[in-house]
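If you want the building blocks of each chain, they are given just below.
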Amino acid sequence: MTLSLTQSWNAALASMASTWAAGCDFRHGQPPLQGDPPFSAVGQNLYAGSGRKTISLTSAIQLWYDEKADYDYDTLSCVPGKMCGHYTQVGRQRLLAL
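So, here is what we can say about the structure in this document. (Residues numbered from 1 in each chain as written. Predicted model: local features only at pLDDT ≥ 70, side-chain atom pairs only at ≥ 80, totals over all residues. Heavy atoms only, no water.)

1. Some remarks on the overall build of the protein chain
Secondary structure summary: the protein chain contains three helices and two strands in total. Going from the N terminus to the C terminus, the protein chain shows its helices and strands as α-α-β-β-α. Out of the 98 residues in the protein chain, the part that is buried amounts to 16%. If you sum the accessible surface of the protein chain, you get close to 7,400 Å²; carbon and sulfur atoms cover 57% of it. (Helix = DSSP H or I, 4+ residues; strand = E, 2+ residues; numbered from the N terminus. Buried < 20%, exposed > 50% of the residue type's maximum accessible area, 1.4 Å probe, protein only. Areas by Shrake-Rupley, 256 points an atom, 1.4 Å probe, with all protein chains shown as cover.)

Below, the structure is given as C-alpha cells:
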C-alpha cells in the first residue's frame, strides 16, 4: 500500500501541545480537542533525562524509531508484548499534522 499524504503544520495542534507541555504532567494522555480539528485523536512521545547529562533530541527520536522492529506492517499494530507506539508517531506515513 502506498500512501501519498502531505504533512502540514497545524497551529491548533501546536497550541494544544504547548498547553499540554506547560502543565508539566509527564504522562501520555488525550488533551481535549479544540474547535473543529481535522483529526479525532492526537499522540505524543515523551522523553526525559536525569542528572547532568544533556538531553539529545536526536537520540530520543532514534530510540522511538528503533521500535520499528516491533511494528507489524501486516496487522498495523505492535508485535504482541512489545511497545511500538512511539515509532508510529515518528514513522507513520498517515501522519497528517505536526
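2. Focus: the packing of aromatic side chains
Under the defined criterion, the tally for this structure stands at three aromatic pairs. Seen from their ring centres, Tyr71 and Tyr73 are 4.8 Å apart, and the 85° between their planes marks the pair as edge-to-face. By relative accessible area, Tyr71 is classed as buried at 10%. The class of Tyr73 is partly exposed, set by a relative accessible area of 47%. (Phe/Tyr/Trp six-rings, centres within 6.5 Å; stacked < 30°, edge-to-face > 60°.)

3. A few points about the environment of Tyr73
Relative to the elements of secondary structure, Tyr73 occurs in the loop between β1 (71-72) and β2 (77-78). Contacts of Tyr73, omitting those with residues within four sequence positions, involve Lys68 and Tyr87. Looking at Tyr73, its side chain comes within polar contact range of the side chain of Tyr87, at 2.3 Å. (Contact = heavy atoms within 4.5 Å. Polar contact = N/O pair within 3.5 Å; in protein donor to acceptor, adjacent residues only side chain to side chain.)

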